[in-house]
Amino acid sequence: MAQPLAKKDDDRDDEAEYSPFTGIEKGAVLQEARVFNDPQLDPRRCSQVITKLLYLLNQGETFTKIEATEVFFAVTKLFQSKDIGLRRMVYLIIKELSPSADEVIIVTSSLMKDMNSKSDMYRANAIRVLCRITDGTLLTQIERYLKQAIVDKNPVVASAALVSGIHLLQTNPEIVKRWSNEVQEAVQSRAALVQFHALALLHQIRQNDRLAVSKLVTSLTRGSVRSPLAQCLLIRYTSQVIRESGQNTQTGERPFYDYLDSCLRHKAEMVIFEAARAITELSGVTSRELTPAITVLQLFLSSSKPVLRFAAVRTLNKVAMTHPMAVTNCNVDMETLISDQNRSIATLAITTLLKTGNESSVDRLMKQITNFMSDIADEFKIVVVEAIRSLCLKFPLKYRTLMNFLSNILREEGGFEYKKAIVDSIVILIRDIPDAKESGLFHLCEFIEDCEFTYLSSQILHFLGNEGPKTSDPSKYIRYIYNRVILENATVRANAVSTLAKFGAVVDSLKPRIFVLLRRCLFDSDDEVRDRATLYLNTLGGDGSVGETDKDVKDFLFGSLGVPLANLETSLKNYEPSEEPFDIDAVPKEVKSQPLAEKKAPGKKPTGLDAPPAVPTSTVDAYEKLLSSIPELSGFGQLFKSSAPVELTEPETEYAVNVVKHIYDGNVVFQFNCTNTIPEQLLENVTVLVDATEAEEFSEVASKPLRSLPYDSPGQTFVAFEKPVGVPAVGKFSNMLKFIVKEVDTSTGEAEEDGVEDEYQLEDLEVVNADYILKVGVSNFRNAWENMGPDNERVDEYGLGVRESLAEAVNAVINILGLQPCEGTEVVPSNSRSHTCLLSGVYIGNVKVLVRLSFGIDGPKQVAMKLAVRSEDQAVSDAIHEIIASG
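Conventions adopted
Residues numbered from 1 in each chain as written. Predicted model: local features only at pLDDT ≥ 70, side-chain atom pairs only at ≥ 80, totals over all residues. Heavy atoms only, no water. Buried < 20%, exposed > 50% of the residue type's maximum accessible area, 1.4 Å probe, protein only. Helix = DSSP H or I, 4+ residues; strand = E, 2+ residues; numbered from the N terminus. Pairing = 2+ DSSP bridges. Patch = residues over 30% accessible without salt bridge, like charges linked within 9 Å, V, L, I, M, F, W, Y side chains within 5 Å. Areas by Shrake-Rupley, 256 points an atom, 1.4 Å probe, with all protein chains shown as cover. Salt bridge = Lys/Arg side-chain N within 4 Å of Asp/Glu carboxyl O. Disulfide = S-S within 2.5 Å.

Colleague: Explain the pairing of strand S4 (residues 667-676) to me, please; I cannot follow it from the model alone.
Modeller: Strand residues, when the strand is regular, have side chains that alternate between the two faces of the sheet. Counting buried residues in S4 gives ten out of ten residues, a clear majority hidden from the surface. Here S4 shows no split at all, with Asn667, Val669, Gln671, Asn673 and Thr675 on one side and Val668, Phe670, Phe672, Cys674 and Asn676 on the other all buried. Summarising the sheet, strand S3 (residues 655-663) and S4 pair through nine bridges and their orientation is antiparallel. The residue bridging Val657 from the neighbouring strand is Cys674, located in S4. Here S3 folds back onto S4 in antiparallel fashion, the turn holding three residues. Note: S4 against strand S8 (residues 715-722), eight bridges, orientation antiparallel. Residue pairing across strands places Gln671 opposite Phe718, the latter belonging to S8.

The following block contains the structure:
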């Protein structure tokens, strides 16, 4: 039962929300549903019970099959009532319960009767419900009524039929496509909502036919659309046609641009904004094309309606990423929005100003932002911090002003994500602006004195250990580091010990002082701290023993393990103590892709402190065991890499096949994973015929067929090729699945003795350069880069052409190279016009490779890239450049 609505006290501090549904239980509501069976129906009482049932369903409450069936049959009795309000509730509950095919018949006659009723409300709702719960068979019976409803004079009925058509197009497209004439007629309706829904349905019917969509846009842009909602849809469809058709090569003009320009003078604000937004998002848009759109958006900035101000400033914010000069005329209007009551508008205004401002305006903007920051939430502060970081990279001479600002807000109150964004920004500025190193490190040291976040303190100490020893006066940081040993928790204390050791390894003059501090750490209460202190004293020679050489010490403290930490952890857990020592060379080096559920959120921002992603290695081990157990394949030596599965069939086909490419030094093995999705068939002697005509360097040497492939029971067949040893040979392979098919009696599960040979064409597959590169991360890219040295370095510049965004260009290059992104540099900030991406990996032959990619936007969406490669072999550096040059 619902609890009675309690009265709020006038002096109550917390404004808790009260609900009439608080405390209701499914069992109690199902008991109340018996009121549907009363001889004398109470419409008001029945409506209340249905409302409770709908509430439970929308809160995620599940009904068993029996419960749902009982409620459904009880609800059908309510068709006897003539109460209009109750009838509407009946329609809603039937839609939500989604009865099975057997139960649908019970209400079909009642709904069809309502569909032909004189009451328009009954007709519209009956159409919606029938289309929601019926299957294709019943749909053909009511198709005639639906066609009539589409052109009905009553706009409510017509809209109901059109919206139902939009939903049915997903399940019964062939039936809905037969309504094109009626839908075309509805597009000419004078009712705004009918025209809107008709246009949406007509476009969906024709969306796979580019010519038909182009003709539709051409006919409607001549002025037959009056509904503002439909006009907005038409603008979107027009933008799609423009994107697909490109510019007119003879005149240099875009088709339909004049239509978008004319919409800027429409009387409806939503149409004006939609047209302006469409123009700003055109690929390769010119300043001449942008000007009218920017002008109307500038007018919206001074609108009295918050939604218009927000829409305009958000669009201008996006334009400022690629065309900052085009937005500068709006700066005066946007400065007035910094004090807007709506904090979202104010945040967008300030970040846009940061993108479009010049060097002389930086100081004035920073004064305005200082007063602004205390009034907004952390999520908005993060956006501002990222904009300031980009501004500092744009005007490096202003680093003192911007670094001081970041330092000041770092000491203010704020949550973890906000503080992490500031720390990451300072780290990035230190790395990219050499002059900012001293002041940036000092600000970070001041912050960790009062930092309440263990993770941030540990990461700052790690960064300080790498960068601090290289400054002009490293000794000034020792006090801050040792204070962490005295005052912090065990995790931070352990990291502080490691940081002290790094200073001692690099700065000889500090060694005696570091030894004294490390000896004090031997008496710490935590095992980890004591163990680290003992280890580093021994390594540096501070315990009286003979220390390692300087190179060995630096490699130990600053170098990379050469294997992903997650793989090392897994191997250590699986290691069983024996006379054989643990062999780190046996740890798998490849970083596998993360499972879909564990991938980063799309909007996650880059950080300066993130480590390479941790992934399980069970798949690698499983492949190695499987391949070594097959005699035909066991003699190929050490497996270098296994690719992710590549689909060779479309979804929902009768046979599902994907392939995994296993790379050896002199061989490539294709593992075809096959699944039979037809219950009435058994496949035997399953093989894949691989044609290597377009892969001249490969020759087939072995294959292993699959003896039997029952229904829904995956199996594997293998084909092995030989290639030149140590050479990253590439090529394209065509594939044909061959098998003997036998009919199966599904009642007994027995197959017929005789079978028929059959074949099934699969998609082509390719072996590409990235297949010969292992994704292996490094924990400290800068140190790894410096240790690799410039002996085998090659640097060159490339034009990547027109790209939708800088992020698209970065992802494309990462995918082509197949290397592991380091330190979170694969994610591009949304407002960046330049970006540096760091990659690492191992080339076939176990050659380590490091890549530094520098991207920049050169002209309207033209992306340029500088590629610097260092490796242990000059030929490998040249090979990486060749991949980009040929890709």
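From this point, the narrative continues.
Colleague: Would you mind going over a nonpolar patch on the surface with me for this structure?
Modeller: A cluster of nonpolar side chains, contributed by Leu572, Tyr575, Phe582 and Ile584, occupies part of the molecular surface with about 310 Å² of accessible area. Looking at where Ile584 falls in the secondary structure, it is placed in the loop between helix H32 (565-574) and helix H33 (618-628). Look at Ile584 and you get partly exposed, because its relative accessible area is 35%.

Colleague: Would you mind showing me how to read the state of the cysteines here?
Modeller: What we call a disulfide is simply a covalent bond connecting the sulfur atoms of a pair of cysteines. All chains considered together, the criterion is met by zero disulfides. In this model Cys822 remains outside any disulfide bridge; the closest cysteine sulfur is found in Cys837, 8.3 Å from its own. Of the residues examined, Cys822 reaches a relative accessible area of 0% and is grouped as buried.

Colleague: When you look at the pattern of salt bridges in this model, what are you seeing that I'm missing?
Modeller: A side chain with one charge may pair with a side chain of the opposite charge, provided their charged atoms come close. Per the counting criterion, the structure on display carries 31 salt bridges. Taking the shortest distance from any N to any O, the salt bridge between Arg45 and Glu32 comes out at 2.8 Å. Of this pair, Arg45 sits in helix H2 (residues 43-58) while Glu32 sits in helix H1 (residues 26-32); the two residues are 13 residues apart in sequence, bridging distant segments of the chain. Assessed through its relative accessible area of 28%, Arg45 is described here as partly exposed. For Arg484, the salt bridge identified is with Glu488, shortest N-O distance 2.9 Å. Glu488 shares its class with Arg484; the two are buried. Because the salt bridges share partners, they merge into one network encompassing Arg236, Glu274, Arg277 and Glu281.

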